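# Geometric and topological summary
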Amino acid sequence: MTSKPGTMSPDSKTDEAVKETFPASDPVATTGTRGNRAVAPGEMMQDAPPIPDAVTLRRHFPDAEAAKLALESLVRDGPVDPRHAEIASGSPSELRLKVAANDEGRIRKLLDTA
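First, a word on scope: everything that follows refers to the structure included in this document. (Residues numbered from 1 in each chain as written. Predicted model: local features only at pLDDT ≥ 70, side-chain atom pairs only at ≥ 80, totals over all residues. Heavy atoms only, no water.)

## Notes on the overall build of the protein
A count of helices and strands for the protein gives four helices and three strands. In the protein, the order of α-helices and β-strands from amino to carboxyl end is α-α-β-α-β-β-α. The proportion of buried residues among the 114 residues of the protein is 19%. Of the contacts made within the protein by residues no fewer than 6 positions apart, 61% connect residues no fewer than 24 positions apart. Summed over its atoms, the accessible surface of the protein is roughly 8,400 Å², and 54% of this surface lies on carbon and sulfur atoms. (Helix = DSSP H or I, 4+ residues; strand = E, 2+ residues; numbered from the N terminus. Buried < 20%, exposed > 50% of the residue type's maximum accessible area, 1.4 Å probe, protein only. Contact = heavy atoms within 4.5 Å. Areas by Shrake-Rupley, 256 points an atom, 1.4 Å probe, with all protein chains shown as cover.)

In structure tokens:
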């Protein structure tokens, strides 16, 4: 498609609109009130909603770094809410995770392989 001199084609407009936005799901804000995130940090840090039938899963790791990597894996693969997780520092470190009772078996398998 060709466009008239001095005008932009629809593809060029799209390219210009997404230029320098990374990641694509989190485009640069056009106003100074929101910052660069699609979600305000205060919204991301809200308390986790309670799990009515919560079960606590626990696993020990050699150190806090290993527990943190396991938690990141569970957040990605589970998915689990990281706000329902706690890492107790020490040697060994303990990862405590609250999950719904009906999801306990699946998350336990993921935790055991993490």
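Having seen the structure, we can now continue with the description.
## Regarding the pairing of strand β2 (residues 85-88)
Summarising the sheet, β2 and strand β3 (residues 93-100) pair through four bridges and their orientation is antiparallel. Looking across to β3, one finds that alanine 88 is bridged to glutamate 94. Linking two consecutive strands that pair antiparallel, namely β2 and β3, is a turn of four residues; a positive phi of about 145° is found at glycine 90 within it. (Pairing = 2+ DSSP bridges.)

## Description of unusual backbone geometry
Between glycine 78 and the following residue, proline 79, the backbone shows a cis peptide bond with an omega angle of -20°. With respect to the secondary-structure elements, proline 79 resides in the loop between α3 (64-77) and β2.

## Notes on the sheet that holds β3
Each strand in a sheet pairs with another by means of backbone hydrogen bonds, the pair being arranged parallel or else antiparallel. The strand order across the open sheet built from three strands is β1-β3-β2, with neighbouring strands paired in antiparallel fashion. The sheet is open, and its two borders are formed by β1 (54-61) and β2, each paired with just one other strand. Strand-to-strand twist in this sheet, taken as the mean axis angle between neighbours without regard to direction, amounts to 20°. Helix α4 (residues 104-113) contacts β1 and β3 of the sheet and is inclined by roughly 10° relative to β1. (Axes fitted to C-alpha atoms, helices over the stretch in contact; angles between N-to-C directions.)

## Quick notes on the pattern of salt bridges
Counted according to the given criterion, the structure contains seven salt bridges. Of the charged contacts, one joins glutamate 86 and arginine 96 as a salt bridge, the two residues approaching to 3.2 Å between their closest N and O atoms. You can see glutamate 86 sitting in strand β2 and its partner arginine 96 sitting in strand β3, a full 10 residues away along the chain. Residue glutamate 86 is classed as partly exposed on the basis of its relative accessible area, which comes to 44%. A salt bridge links arginine 96 to glutamate 94, with the shortest nitrogen-to-oxygen separation between them at 2.6 Å. The partly exposed category is assigned to arginine 96, whose relative accessible area is 23%. (Salt bridge = Lys/Arg side-chain N within 4 Å of Asp/Glu carboxyl O.)

## Structural notes on the nonpolar core
Core analysis: the biggest nonpolar cluster contains 13 residues, and Leu74, Val80, Leu95, Leu97, Val99 and Ile107 have the highest contact counts within it. Contributions of two or more residues to this core are made by β1, α3, β3 and α4. Among the elements that take part in this core, α3 stands out by supplying four residues, more than any other. If sequence neighbours within four positions are ignored, isoleucine 107 has contacts with Leu57, Leu74, Gly78, Val80, Leu97 and Val99. (Core = buried A, V, L, I, M, F, W, Y, C linked by side-chain atoms within 4.5 Å.)

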